[in-house]
Amino acid sequence: MQISKYLDNIKSGKPINFDCFRKALYPHGYDDQTILGVFSTEKISKVSYQVSIIDQERFSRLQADFPGYLISSRVSAAQAGDSHKHPVSQAMIILWPYRQSHPVVILNDEQGIQSPVTLGQRLLIIENQENFVQKDESLAFLKQQFPDFKDQELDIVWGAGNAVSNRLNKAFFNHYQHIECLLDLDMGGLTTFANIAELTFHARLGFLLPPCADELLKQSKIELQNEHLPALRKFRENHPLLRPTIELMIHHKKMLEQEMYLQD
């Protein structure tokens, strides 16, 4: 049975073979913990389960990922009633080139990089817009925190959350000799780094953990929840570069948004 059909039956309240449904999701990167975060089940026969939706937002994402009809493009998706059920044909990056005084737009697609400027050799990804637009302050902060930080031929990208990790940006990332990531110390920042690492397998990809993060995490009002711990363990296991950050987050039981790096 197609995944979309299972989802339709769940939404309609019809029993399904939940074991087969789970196995159908495994090849798409879903594990039991993720699946059981979306659904609760009640066994009503040997192979039949009554399934309830406990996370409507993630269920909607599943429906978007597994539509019940063939979608060949974002245009046909719009004709079908939801353009979000197909990825865009181009990925857009907001880049502050090292030779320019103003950001530019880079368009990436299956054919490669479309850039109005010559790209540098090094890349800095800044997750949040405020830190990006205050690039001089952000660079001064990094030089203060990391005495060996180099900004020669350094292009800066606004990460826009996780949008920067779009698969169409792979050639763009692999153009650079070095990539440094200045991301939030939270689940979103860790996810963005993991996605870029798994997309590019870049040999010189770094996650910047400023020494002041220890003190700033103490001040942070964003609590780390117990429900985050399984994902943190998975990140720690799969991405060794994230281990110091994760250990610090767990130690303080806090998360941190990078706007705090701009404090006086």
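Heads up: the structure comes first, above all this text.
Numbers given for residues are sequential positions, taken from 1 along each chain in its written order. At least 70 in pLDDT is required for a residue's local features to be given in this predicted model, at least 80 for side-chain atom pairs to be given and counted, and no such filter applies to totals for whole chains, interfaces and linings, which use all residues. In computing side-chain properties, one takes all heavy atoms of the structure into account and sets aside hydrogens as well as water.

Draft legend 1. How the structure looks around the pairing of strand 7 (residues 154–158). Here's how the labels work: a residue is buried when its accessible area is under 20% of the maximum for its type, exposed when over 50%, partly exposed in between, all with a 1.4 Å probe on protein chains only. For the purposes of this entry, the term helix denotes a DSSP run of H or I that reaches at least four residues, the term strand denotes a run of E that reaches at least two, and both are numbered from the N terminus. In terms of burial, strand 7 is a largely internal element, four of the five residues being buried. Pairing between strands requires that DSSP locate at least two bridges from one strand to the other. Note that strand 3 (residues 91–96) and strand 7 share two bridges and pair antiparallel. In the sheet register, Trp96 faces strand 7, and the bridge partner there is Ile156. Bridge count for strand 6 (residues 122–126) against strand 7 is five bridges, and the pairing is parallel. The partner of Ile126 across the bridge, within strand 7, is Trp158.

Draft legend 2. Examining the layout of surface pockets more closely. What the largest pocket holds in volume is close to 1,600 Å³. Both site types are read off a 1 Å grid over the protein atoms alone. A 1.4 Å probe that fits but cannot get out defines a cavity, while an open set with protein on both sides within 12 Å along at least five of seven lines defines a pocket; lining residues have an atom within 4 Å of a point. Around the largest pocket, the lining is made up of 46 residues, and of these Arg61, Asn162, Thr191, Asn195 and Phe235 lie nearest the centre. Counting residues per element, the ones that place at least two in the lining of the largest pocket are helix 3 (32–35), helix 4 (56–65), strand 3, helix 9 (187–200) and helix 11 (229–238). Residue composition of the lining of the largest pocket, by class: 20 nonpolar, 18 polar and eight charged. Grid points are joined across faces, edges and corners, and a volume is the space filled by probe spheres set on the points. Side-chain classes are defined by residue name, with Ala, Val, Leu, Ile, Met, Phe, Trp, Tyr, Cys and Pro counting as nonpolar, Asp, Glu, Lys and Arg as charged, and the others, Gly among them, as polar.

Draft legend 3. Seen up close, the packing of aromatic side chains. Aromatic rings from Phe, Tyr and Trp, taking only the six-membered ring of Trp, are treated as a pair when their centres fall within 6.5 Å; an angle between ring planes under 30 degrees marks them as stacked, one over 60 as edge-to-face, and anything in between as tilted. Scanning all chains against the criterion turns up 11 aromatic pairs. Geometrically, the ring pair formed by Phe18 and Phe21 is tilted, given 5.8 Å between the ring centres and 50 degrees between the ring planes. A residue pair is termed a helical-turn pair when its members lie 3 or 4 positions apart in one helix, as Phe18 and Phe21 do in helix 2 (residues 18–25) at three residues. By relative accessible area, Phe18 is classed as buried at 4%. Ring geometry for Phe172 against Tyr176: centres 5.3 Å apart, planes inclined by 70 degrees, an arrangement best described as edge-to-face. Residue Phe172 shares its accessibility class with Tyr176, and that shared class is buried. Members of the aromatic cluster, joined through ring pairs, are Tyr6, Phe18, Phe21, Phe39, Tyr49 and Phe59. A ring has a charge above it when a Lys NZ or an Arg CZ is no more than 6 Å from the ring centre and no more than 35 degrees off the ring normal. One cation-aromatic arrangement involves Lys135 over Trp96; the distance from NZ or CZ to the ring centre is 5.2 Å.

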